[in-house]
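# Report on the structure
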Amino acid sequence: MKHFSKKLMSFVLALTMMFSLSATVFAAENTVEANDEQNSMLPDDYEMVSSGYLKMNSDGSVSITDKYINYVENKLSEAGTNATVSATGNTITIVENSSVSGSRRAKRASGGVTKVEWLSFNRFKIYLNNNLSTKVAAGAGIGASLSAWIPDPTVTKIVATALGVSAGLIAYNNKGKGVVISGIYSLTPPRATFYWIKSQ
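Quick caveat: nothing in here was measured; it's all calculated off a predicted structure. (Residues numbered from 1 in each chain as written. Predicted model: local features only at pLDDT ≥ 70, side-chain atom pairs only at ≥ 80, totals over all residues. Heavy atoms only, no water.)

## Quick word on the pairing of strand E3 (residues 83–88)
Relative to strand E4 (residues 91–96), E3 is paired through six bridges, and the arrangement is antiparallel. Looking at E4, one finds that threonine 88 is bridged to threonine 91. In textbook terms, the turn of a hairpin is the stretch between consecutive antiparallel strands, and for E3 and E4 this stretch comprises two residues, one of which, glycine 89, has a positive phi near 60°. (Pairing = 2+ DSSP bridges. Helix = DSSP H or I, 4+ residues; strand = E, 2+ residues; numbered from the N terminus.)

## Quick word on helix H7 (residues 153–165)
A rise of 1.5 Å per residue sets the reference length of H7, with its 13 residues, at 18 Å; its end C-alpha atoms lie 18 Å apart and thus fit the reference within 8%. Val155, Thr156, Ile158, Val159, Ala160, Ala162 and Leu163 are the residues of H7 that are buried. Measuring from the side-chain oxygen of the N-cap residue of H7 to the backbone nitrogen of threonine 154 gives 3.2 Å; that N-cap residue is aspartate 152. (Expected span 1.5 Å × (residues − 1). Buried < 20%, exposed > 50% of the residue type's maximum accessible area, 1.4 Å probe, protein only. Polar contact = N/O pair within 3.5 Å; in protein donor to acceptor, adjacent residues only side chain to side chain.)

## Describing the packing of aromatic side chains
Overall, the coordinates contain five aromatic pairs when judged by the stated rule. Between tryptophan 118 and tyrosine 185 the ring centres are 6.4 Å apart and the planes differ by 85°, which places this aromatic pair in the edge-to-face class. A residue pair is termed long-range when its members are at least 10 positions apart, and tryptophan 118 in strand E5 (residues 114–118) and tyrosine 185 in strand E7 (residues 179–187) qualify at 67 residues. The rings of Trp118, Phe124, Tyr185 and Phe194 are connected pair by pair, giving a single aromatic cluster. Over the aromatic face of tryptophan 196 sits the side chain of lysine 198, whose NZ or CZ is 4.6 Å from the ring centroid. (Phe/Tyr/Trp six-rings, centres within 6.5 Å; stacked < 30°, edge-to-face > 60°. Lys NZ or Arg CZ within 6 Å of the ring centre and 35° of its normal.)

Printed below as a string of structure tokens:
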């Protein structure tokens, strides 16, 4: 059974690499400032900006908006998750609150963090803690988890599909501390490409 498991993992990893190498996408280097007058002229990939969840800064970087923070807090509340949401610049962080005491809390803290860092309007880093990495690797709750962190449903579906395809790599790189996934998404055609997946 162990031999079969190793062959299956090798096959999944090879298949994942084949698909990710065949669809390489590069982010544009130009900077575009988005305001209400310009939103109609933005390309489709600016969905998170045009919907008001991300704000384009004058230097081309993006920032998390209050609308994004409120969305994540509401989604987590609806799911009954007791968590604190914080945003700094282009990163939104979700920290689950627990009543676990002392040493168990320290063990949990070493299980990684959960957050989304937006590098540009369509480039991101997703940090999954150990618990979520294990769930994603098992194929459980990918879409539901992402819909709480990424407000746009189309972007959520694109990234969730790529996470599902990359489940083997996530399982392989999760060393009990969670994983970091760097990627880019495109709406036309709809796909997400991960540059790398590594342990936190």
